[in-house]
Every structure is written in structure tokens, then in C-alpha cells.
Amino acid sequence: MTPLKTVQKILQGQSRRSALEKSEAFAPINIALIKYWGKRDVGLNLPETDSLSLTFPEWGTTTQLSPSDVTSLEINGIPTDLDTPLGQRLQEFLALFELEVPLAIRTYSNIPIGAGVASSASGFAALVLAMEKLCGWDLDPQSRSILARLGSGSACRSFWRGLVLWKRGTRPDGLDSHGVPLSLQIPNLCTGFLLLHQKPKKISSRSGMRRTQETSPYYPMWSEIVRQDLSTFLQGLLQQDFQKMGQVVERNAWSLHRLLETATPALSYTTAETIAAIQKVFDLRQQGVLLYWTQDAGPNIKLLFQREHQGVVQRAFPGLLLSDP
Ligand code: PMV
């Protein structure tokens, strides 16, 4: 199955004409607690493993669409060339939808773009929601999730609040690979991210994944690592054991970043500031604060802690951008 056929199947019978003069939609970012890294199908963005995320509902992307003579893109008020890698990726994605008119696209994100804080997840999810409104489609969340996955894998987890599982699925057409919201949540959870660097990363997660899969001698272990970490996390969730969940979230992030270092050439998204922030987490934990970190394809750090520790964590990390999941 090709991405085009997937979209045709999901949008069967739905109009490709704009029903409105303008539409607008917001989608939040989601941060992986158990990471997705590597694909079983590159074209369809089907993952090698399941993954699990937490939505940061206040942070994300608002996208406005209006029919136009030519396709155009504006990001945070700045006209953006469609010949850039981001513009091309967007055009390829839009082409899958076979809309009858070109679109003027305006996106606004309250997080930095391409810095490893999941801007592509909120971006592709918001775009799907805005197209759905513009054309008057009637989709279920699962179908939206599959459509957004074709733009960026992790975008399929951005349609729900709280914890979301992205199932790897087994079907070659990927129609069983989408987000599924969990009903259980982490009690008294506070989260936040530390923006240590705002510049776009040099190696995209897309090419980083490919390089790791093709060259790391340890990549074959990744599926088993994720299977065990996810199972430990879900046990912790059932037992409402914050420490168990926090420890395995950190272990999964360590495993991912060590795995990246074993690719050729080696990959690292970590900077001295990342390490210093992690050290501070360790120091606070020694003082009895249950605080855990995770890191994605960028140097920025996300923190998980319990509400009673919010004051002490904010004092230790003054620039922390909080989120209430
Ligand atoms: O969906 P992508 O291609 O942006 O990849 C996301 C990769 C990680 O953020 C590192 C992990 C994840 O599960 O979100």
C-alpha cells in the first residue's frame, strides 16, 4: 500500500473541495515516554515498535487554511520558501490529499520548530484537523491519527490528552498502526520542558532513524528494550507507582541516546547543557524529590514530577515551561 492509496481509502466518499473560506485548528505536542525510533515501512511511517507518549496540551501548533491560487506557507508570520526541506515535505504530504484547490497555509507554534520538542507532531496533526474542517470531512480519531502518521510518525499520538499508545500494528497497509488513548493516567503529575537550545537540529529524526537502523550493531536489541520498558511502565501505571514509571522513562531515554552513539557516523543530540540539567535532576532526587527526565531528538529536556514538588522544581529550573497534562 502506498501513502496515496491509504489516504484514498480513508477519505473514500469525502469531498476534496473546500466547504469554507477559511479553517483553523490547534493540535498539541506529545512527548514520548517510551520512544519510537526506526521504521518497519519508511513510506508509510510504520514503526518497528510500539511507543507511548504524554500530551502537553497547552503547547503546540495552530494552523489556518484558506483556498488560494497557489500553495503558500507562512510559519509564525514569516513567509517560508516551499523549496526548503520542510516546504517540500509539506507539499508531498498535501499532494496525498488530492484537494481541488491549492492552499494558503499559516501556522503558529508556541514551541521552537525542529528543536526536538515535537513540533512536527503538532504541525501535521493540526494540518489534518484544519483540512478536515475546511472540506467538511467526518473522520473518527483513529483515521485522523493514521493520516497524520503519514506526515510524521509521532503526529499520530497528538489527537488525545494524557497518555497515548501508538501501536506498531502488524498489517502491511498500516491501518492498525495509530494512536490509542489510555484511560489510566499518572496521578498528581506535573510536567515541563527546559528549552536549552532553540535552533533546529542538524540531523532530522527521519535521517537519524535511518542511520541508526542501517548501521548500529545494537539496533536489533531496540525492539526488545522497548517491549520490556513499555511493559514495566504499564505495570507501574496499574500500580500507580510514580517511581517505577519515572525510572523506566529515564532508562528508555538513556537507551535511545546510547543507541544513537553506536550509529556510524555516531549521532548525538546531547550538549553540555543537557548533561548539566540531568545532573541537577540527580541532585534533586538525592534530596528526596521524585523528579525524572526524558530527551528526544534534540538537546532539550522534559521533566516529570509530582505536584507537591512543583515549587522546588521551579526554583531549581527557573526557565521551566510547565504543562498540566
Ligand atoms: O515522528 P518523528 O519522525 O518526528 O520522530 C519522533 C522521534 C522521537 O521524538 C525521538 C521519539 C518519539 O517517539 O516521539
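Residues numbered from 1 in each chain as written. Predicted model: local features only at pLDDT ≥ 70, side-chain atom pairs only at ≥ 80, totals over all residues. Heavy atoms only, no water.

K.L.:
Sorry, what's going on with the pairing of strand β11 (residues 291–295) here?
P.N.:
In regular strands, side chains alternate between the two faces of the sheet. Counting buried residues in β11 gives 5 out of 5 residues, a clear majority hidden from the surface. Burial along β11 is two-sided: the residues Leu291, Trp293 and Gln295 and Tyr292 and Thr294 are all buried. Pairing between β11 and strand β12 (residues 301–306): 5 bridges, direction antiparallel. In the strand pairing of β12, Trp293 is matched with Leu303. (Buried < 20%, exposed > 50% of the residue type's maximum accessible area, 1.4 Å probe, protein only. Helix = DSSP H or I, 4+ residues; strand = E, 2+ residues; numbered from the N terminus. Pairing = 2+ DSSP bridges.)

K.L.:
What exactly am I supposed to notice about the nonpolar core here?
P.N.:
Generally speaking, nonpolar side chains in soluble globular proteins are found buried as a group. Formed by 80 residues in total, the largest nonpolar core has its most connected members in Phe97 and Phe233. The element that contributes the greatest number of residues to this core is helix α3 (residues 119–135), accounting for 11 residues. Every residue in contact with Phe97, bar those within four places of it in the chain, is listed here: Val7, Leu11, Arg16, Met131, Trp137 and Leu147. Counting 17 residues, the second largest nonpolar core, distinct from the first, contains Ala253, Val281, Val313 and Leu320. (Core = buried A, V, L, I, M, F, W, Y, C linked by side-chain atoms within 4.5 Å. Contact = heavy atoms within 4.5 Å.)

K.L.:
Just checking my understanding: could you explain the sheet that holds β11 for this structure?
P.N.:
Sheet strands associate in pairs through backbone hydrogen bonding, adopting either a parallel or an antiparallel arrangement. In space, the 4 strands of this open sheet follow the order β11-β12-β10-β13, with antiparallel pairing throughout. One side of each edge strand has no neighbouring strand; the edge strands of this open sheet are β11 and β13 (321–323). Strand-to-strand twist of the sheet, defined as the mean angle between neighbouring strand axes without regard to direction, takes the value 25°. Contacting β10 (189–194), β11 and β12, helix α7 (residues 242–261) crosses the sheet at an angle of about 30° to β11. (Axes fitted to C-alpha atoms, helices over the stretch in contact; angles between N-to-C directions.)

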